[in-house]
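Okay, here's what each chain looks like letter by letter:
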Amino acid sequence: MERITLTKDISFSRIVHGAWRLNDWNYTTDQTIELIEHCISKGITTFDHADIYGSYTCEALFGRALEAKPELREKMELVTKCGIVLESPNRPAHKSHHYNTSKEHILLSVDNSLRDLKTDYIDTLLIHRPDPMMNPEDVAEAFSELKASGKVRSFGVSNFKRHQLNMLQSYLDDALVTNQVEVSAYELENIQDGTLDLCMEKRMPVMAWSPLAGGAIFSSNDEKAVRLRDTLTTVAEELGTEDLSEVLYAWLLNHPAKIMPIVGSGKTARIDSAVRALEHKLTLDQWFAILHSSMGHDVP
Ligand SMILES: NC(=O)c1ccc[n+]([C@@H]2O[C@H](COP(=O)([O-])OP(=O)(O)OC[C@H]3O[C@@H](n4cnc5c(N)ncnc54)[C@H](OP(=O)(O)O)[C@@H]3O)[C@@H](O)[C@H]2O)c1
């Protein structure tokens, strides 16, 4: 599979697997190992986490697989996030839902992630959401310490807009390596508001969360979803497939921002759809037909 270079030492697989829903799948440790091995066999070596996924449980579920098969660790890149505080029975000290990007919280969150993932290092740590109370000097100090200790190899952000990303970057020694944002044929905001343009300006590859709009494209009866399904069906026929998710992934992969879609399903057949999408080259007619059906009108 194609690899996307983030630093001179770190590259991600073009398709990433996401662990947000891992707790919902009720997989045994053996089934989690099978899932990880299936991904790796297809070339998907980058796995996306966050401390809060599954109310602070998903990292540990994945970590059980790494504990049982430690040799898997060196075959993968681990991404995780910090900065959101959730009320949870697993974090009884948390009194409210808020953001915390203090140095103390970032360091503590990384230690928790390392413990739960059963690993010595995180390949890329992301600040999960822009925090109105972020002190960038604090973040810079936390990043420096984590890099110096070898606990984290590189840093990025998630859901950051232009001004937020530029502000944090101005305090950091190293370039942020990615911005993980919501983008799909259904959810166009980050394409339309300049966020992807900023990432391209900075030569910063983009990770796309909810590339299938969390499944809404298939299940929703809102007008946009219905229009999209019609167009996707036409394009799928032209591409010689019946799998609409292949077209949705291909729509992202054909964009010039080096988008890395994060697959949110634990089902191997659905993971394979994302891998097959790498083979599809969309014409501009096809790409814009999907854009138009999402917008509900043509480009000006
Ligand atoms: N940075 C952030 O703020 C942020 C936010 C959200 C997510 N993420 C990351 O992005 C990853 C992917 O997000 P996501 O899970 O929302 O991705 P997604 O791929 O858009 O959505 C996955 C959902 O779509 C369903 N689905 C997939 N194919 C389908 C089909 N053909 N028909 C009906 N339903 C279908 C899946 O169901 P099945 O499970 O049944 O296949 C699953 O519930 C997460 O795991 C996480 O790592 C990051």
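Residues numbered from 1 in each chain as written. Predicted model: local features only at pLDDT ≥ 70, side-chain atom pairs only at ≥ 80, totals over all residues. Heavy atoms only, no water.

What to know about the packing of helix H4 (residues 103-117) against helix H5 (residues 136-149)
Packing of H4 against H5 leaves a shortest axis separation of 8 Å and a crossing angle of 35°. Once H4 is placed against H5, the crossing between them reads as right-handed. Contact with H4, carried on its side by Lys103, Ile106, Leu107 and Val110, involves Asp138, Val139, Glu141, Ala142, Glu145 and Leu146 of H5 and no other residues of that element. (Axes fitted to C-alpha atoms, helices over the stretch in contact; angles between N-to-C directions. Helix = DSSP H or I, 4+ residues; strand = E, 2+ residues; numbered from the N terminus. Left-handed = near helix turned anticlockwise from the far one by under 90°. Contact = heavy atoms within 4.5 Å.)

Topic: the sheet that holds strand S5 (residues 77-82)
Taken in spatial order, the eight strands of this closed barrel run S3-S4-S5-S8-S9-S10-S11-S12, and their pairing is parallel. The sheet shows a mean angle of 30° between the axes of neighbouring strands, taken without regard to direction. Bridge count for strand S3 (residues 16-18) against strand S12 (residues 260-263) is two bridges, and the pairing is parallel. Residue pairing for S12: histidine 17 is matched across the bridge by valine 263. Those strands touched by H4 are S5, strand S8 (122-127) and strand S9 (152-158), and its axis lies near 140° from that of S8. (Pairing = 2+ DSSP bridges.)

Focus: unusual backbone geometry
Although it is not a glycine, serine 210 adopts a positive phi angle of roughly 50°. Note that serine 210 resides in the loop between strand S11 (206-209) and helix H9 (216-219). Judged by relative accessible area, which is 13%, serine 210 ranks as buried. A positive phi is found at lysine 258, a non-glycine position, where the angle reads about 55°. Within the secondary structure, lysine 258 is located in the loop between helix H11 (244-253) and S12. (Buried < 20%, exposed > 50% of the residue type's maximum accessible area, 1.4 Å probe, protein only.)

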